[in-house]
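Residues per chain are reported as follows:
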Amino acid sequence: MPASLVRRAAAGLTALATIAVARIVTGVRGNWVGCTPSATQRVYFANHTSHGDFVLIWTVLPPAYRARTRPVAAADYWRADRIRRFLGTDVFDAVLIDRDANARTADPVATLVAAVDGGASLIFFPEGTRNTTEERLLPFKSGLYRLAFERPALEFVPVWIENLNRVMPKGEFLPVPLLCTVTLGTPLTLEAGEERGAFLDRARAALLALSVKEGAR
């Protein structure tokens, strides 16, 4: 069997195993409170506390939509060794972004636009880094707005992930079993003439509103 087919088969099996482990360890469930699963091209934007965040979002999507939904992730992390390269590139098909502004040769937003134009939906973390503070949500970087400006027809779905930071505490190697929820809200689109600050404030407020709903459960 050609090596490419072996690698593809290994990636498929690893993806299934990853989803199974995520469900067993976290008991993850998706709460579709503002929308339903759809073939509509979307950007799922979420809070960010763990390297496993996108896996939970990926897990609650139906298989047909999961296959075309690509996480946006840091190239320096997912290219650090052979295992992470295999996971990031072959298993998750991540859109890898170079976070070093001085070293990168491509505009990160252009890379995202190319992925969208190729038919992908995206999983995006607008805080830009993992939140290790006591704040519920860090200020948003400009990337979410820039993507909306370039492709205003996209739906931007707020997604609140609850409890994963306690399942995978920073510095721990093994997960701690704990129920996790992924709450998906009402899609947003960029309004005509809407400026960056207004759009980012509206997106951030939508995400925080989901965190309040989730905390009340």
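Now for a description of the structure that goes with this document.

Calculation rules
Residues numbered from 1 in each chain as written. Predicted model: local features only at pLDDT ≥ 70, side-chain atom pairs only at ≥ 80, totals over all residues. Heavy atoms only, no water. Pairing = 2+ DSSP bridges. Helix = DSSP H or I, 4+ residues; strand = E, 2+ residues; numbered from the N terminus. Axes fitted to C-alpha atoms, helices over the stretch in contact; angles between N-to-C directions. Core = buried A, V, L, I, M, F, W, Y, C linked by side-chain atoms within 4.5 Å. Buried < 20%, exposed > 50% of the residue type's maximum accessible area, 1.4 Å probe, protein only. Parallel < 35°, antiparallel > 145°, perpendicular 65-115°, else oblique. Left-handed = near helix turned anticlockwise from the far one by under 90°. Contact = heavy atoms within 4.5 Å. Nonpolar A, V, L, I, M, F, W, Y, C, P; charged D, E, K, R; others polar.

## Overview of the sheet that holds strand β3 (residues 69-74)
Reasoning step 1: Taken together, 7 strands build an open sheet; the order of strands is β1-β7-β6-β2-β5-β3-β4 and the sheet is mixed. The sheet terminates laterally at β1 (29-32) and β4 (95-97), the two strands that pair on one side only. Neighbour-to-neighbour, the strand axes of the sheet open up by a mean angle of 25°, direction not taken into account.
Reasoning step 2: Across 4 bridges, the pairing between β1 and strand β7 (residues 181-184) is parallel. By the bridge assignment for β7, N31 is matched with T183.

## So, the nonpolar core
Nonpolar side chains in soluble globular proteins tend to end up buried together.
Reasoning step 1: Formed by 31 residues in total, the largest nonpolar core has its most connected members in I57, V159, V182 and L184.
Reasoning step 2: At the level of secondary structure, the elements contributing two or more residues to this core comprise α1 (3-26), β2 (42-46), α2 (53-60), α4 (75-78), α5 (82-91), β6 (155-162) and β7.
Reasoning step 3: Top contributing element to this core by residue count: α2, with 6 residues.
Reasoning step 4: Formed by 28 residues, the second largest nonpolar core is a distinct cluster that contains I97, L112, W160 and L207.

## Digging into the packing of helix α6 (residues 108-117) against helix α7 (residues 143-150)
Reasoning step 1: Where α6 meets α7, the closest approach of the two axes is 10 Å, and the angle between their N-to-C directions is 50°. Overall, the two elements α6 and α7 adopt an arrangement that is oblique. The hand of the α6/α7 crossing is right-handed. Note on element contacts: α7 touches α6 through R146, L147 and E150, opposite V109, L112, V113 and V116.
Reasoning step 2: Broken down by class, the residue content of the contact of α6 with α7 amounts to 5 nonpolar, no polar and 2 charged.

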